[in-house]
Amino acid sequence: MRNVTPENISEVFAGYFGKDTDPRFREVMTAFARHLHAFVREVELTHDEWRAGLEALEWAGRITTPERNEFVLLSDVLGLSSLVDMINSHPGATSSSVLGPFHVSNPPPIAIGADLKGDFEGEVLLVQGQVRDLDGKPVPGATLDIWQTAPNGLYSSQDPDQDIMSFHGLMTADESGRYAFTTVRPVSYTVPTDGPVGQILNAAGRHPWRPSHLHFIIKAEGFRPLVTEVFPDDDPYLDEDTVFGVREDLVMHYESRPAGTFPDGFVLSGKVEGPWSKVDFDFTLVGA
Ligand code: BEZ
Ligand code: FE
């Protein structure tokens, strides 16, 4: 086609696909191009704006490493990651939420009742619950990959003063699907702002804060893996998470408990002197 116009360019693009292309690939790519073309027409994108966009992507590429993926962060702050999560969620199952860039592969196995807090300062938080299926039956032996920030708001991969596995662990639920561990209350923190995403947030007058949360990846044979987060109901950023990760069913109350009432059966039993908090959170998985 030599007579390409602003009106027919999406159709011309679709017509260039080979006849044996994978149908889903064709569907996704033609829709992607059609929406991009419509966006350019709608905002009447200038050459300078188009170039600035490409330069931002180029910068994202330069600073992306296996430990820090600026493209994932861009997808997160645009709401793209959360929209993919939401449209792929299953009614009745626990909502999924952003993975984020700070998950560390091969976390150390930890036993039920283990402690992630170690010598870090802060109030002890007891987290416990059960993994179940859509019928409410326990999922024995589900694995829970757990991670969170240290009390300074940094993940281990961002902080040279932390062991890379600090606040990371892989727990196997018992025969009733139950899990339990102690940690320190997570804190609100900012996503990295020293790259193009920070510049975009700044230009948009947006803050980079996320409400405090605990991350989980839950896997069990015969079930879809669940990537999710659990948020306390008193966090000031709950209604303005910069990556749109909060869902109603993931918001939990952390109950305060007085000193001297910490239960037995935990690594920290007998060592918790002051007040502590507790959150009970059950996960519902959907069959694969
Ligand atoms: C996180 O929760 O770890 C996270 C998610 C998205 C962007 C940055 C961090
Ligand atoms: Fe996080």
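Let me sum up the structure you'll find in this document. Quantities reported herein were computed from a predicted structural model and do not represent experimental measurements.

### Let's talk about the sheet that holds strand β1 (residues 109–110)
- Read across the sheet, six strands follow the order β1-β5-β4-β9-β10-β11 without closing on themselves; strand pairing throughout is mixed. Two strands in the sheet have a free side with no partner beyond their single neighbour: β1 and β11 (251–252).
- Where strand β9 (residues 214–219) lies against strand β10 (residues 226–232), five bridges are found, and the strand directions are antiparallel. In the sheet register, His215 faces β10, and the bridge partner there is Glu229.

### Brief notes about the layout of surface pockets
- Empty space within the largest pocket amounts to approximately 1000 Å³.
- Along the walls of the largest pocket sit 31 residues, with Phe32, Leu36, Phe39, Leu57 and Leu78 positioned nearest its centre.
- Counting residues per element, the ones that place at least two in the lining of the largest pocket are α2 (23–43), α3 (47–63), α4 (70–77), α5 (80–87) and α6 (196–203).
- In terms of residue count, the dominant contributor to the lining of the largest pocket is α3 (10 residues).
- Residues of the lining of the largest pocket, tallied by class, amount to 23 nonpolar, five polar and three charged.

### Notes on the nonpolar core
- Ranked by internal contacts, the top residues of the largest apolar core, which has 32 residues, are Leu144, Tyr179, Phe216, Ile218 and Phe283.
- Among the secondary structure elements, those contributing two or more residues to this core are β3 (124–132), β4 (143–147), β6 (178–184), β9 and β10.
- In contact with Tyr179, not counting residues within four places along its chain, are Ile112, Val127, Gln128, Gly129, Gln130, Leu144, Met171, Phe216, Phe281 and Phe283.

### Re the coordination of the iron ion (ligand 2)
- Donor atoms from the polypeptide that coordinate the iron ion (ligand 2) comprise Tyr155 (OH), Tyr189 (OH), His213 (NE2) and His215 (NE2), at 1.8 to 2.1 Å from the metal.
- Viewed at the metal, the six donor atoms of the iron ion (ligand 2) are separated by angles of 55 to 166 degrees, and the geometry they form is irregular.
- Mapped onto the sequence, the residues coordinating the iron ion (ligand 2) show the spacing Y-x33-Y-x23-H-x1-H.
- For His215, a relative accessible area of 3% puts it in the buried group.

### Re the site of ligand 1
- Taken together, the neighbourhood of ligand 1 is formed by 14 residues, with Asp76, Tyr189, Arg210, His213 and His215 sitting nearest.
- Here an oxygen atom of ligand 1 sits 3.3 Å away from a polar atom, N or O, in the side chain of Tyr155.
- Residue His215 places a side-chain N or O atom 2.9 Å away from an oxygen atom belonging to ligand 1.
- Here ligand 1 loses 100% of its free accessible area of 260 Å² to cover by the protein chains.
- Among the cavities detected, the one that contains ligand 1 is the largest cavity.
- Taken together, the residues of the shell around ligand 1 break down into eight nonpolar, three polar and three charged.

About the criteria used
Residues numbered from 1 in each chain as written. Chains lettered and ligands numbered in written order. Predicted model: local features only at pLDDT ≥ 70, side-chain atom pairs only at ≥ 80, totals over all residues. Heavy atoms only, no water. Pairing = 2+ DSSP bridges. Helix = DSSP H or I, 4+ residues; strand = E, 2+ residues; numbered from the N terminus. 1 Å grid on protein atoms, 1.4 Å probe; cavity = no way out; pocket = protein on both sides within 12 Å on 5 of 7 lines; lining within 4 Å. Points joined across faces, edges and corners; volume = space filled by probe spheres on them. Nonpolar A, V, L, I, M, F, W, Y, C, P; charged D, E, K, R; others polar. Core = buried A, V, L, I, M, F, W, Y, C linked by side-chain atoms within 4.5 Å. Buried < 20%, exposed > 50% of the residue type's maximum accessible area, 1.4 Å probe, protein only. Contact = heavy atoms within 4.5 Å. Donors = N, O, S within 2.8 Å, 3.2 Å for Na, K, Ca; no water. Tetrahedral: all angles 85-135°; square planar, octahedral: opposite > 155°, others 65-115°. Near = heavy atom within 4 Å. Polar contact = N/O pair within 3.5 Å; in protein donor to acceptor, adjacent residues only side chain to side chain. Areas by Shrake-Rupley, 256 points an atom, 1.4 Å probe, with all protein chains shown as cover. Sits in = over half its atoms within 2 Å of the grid points.

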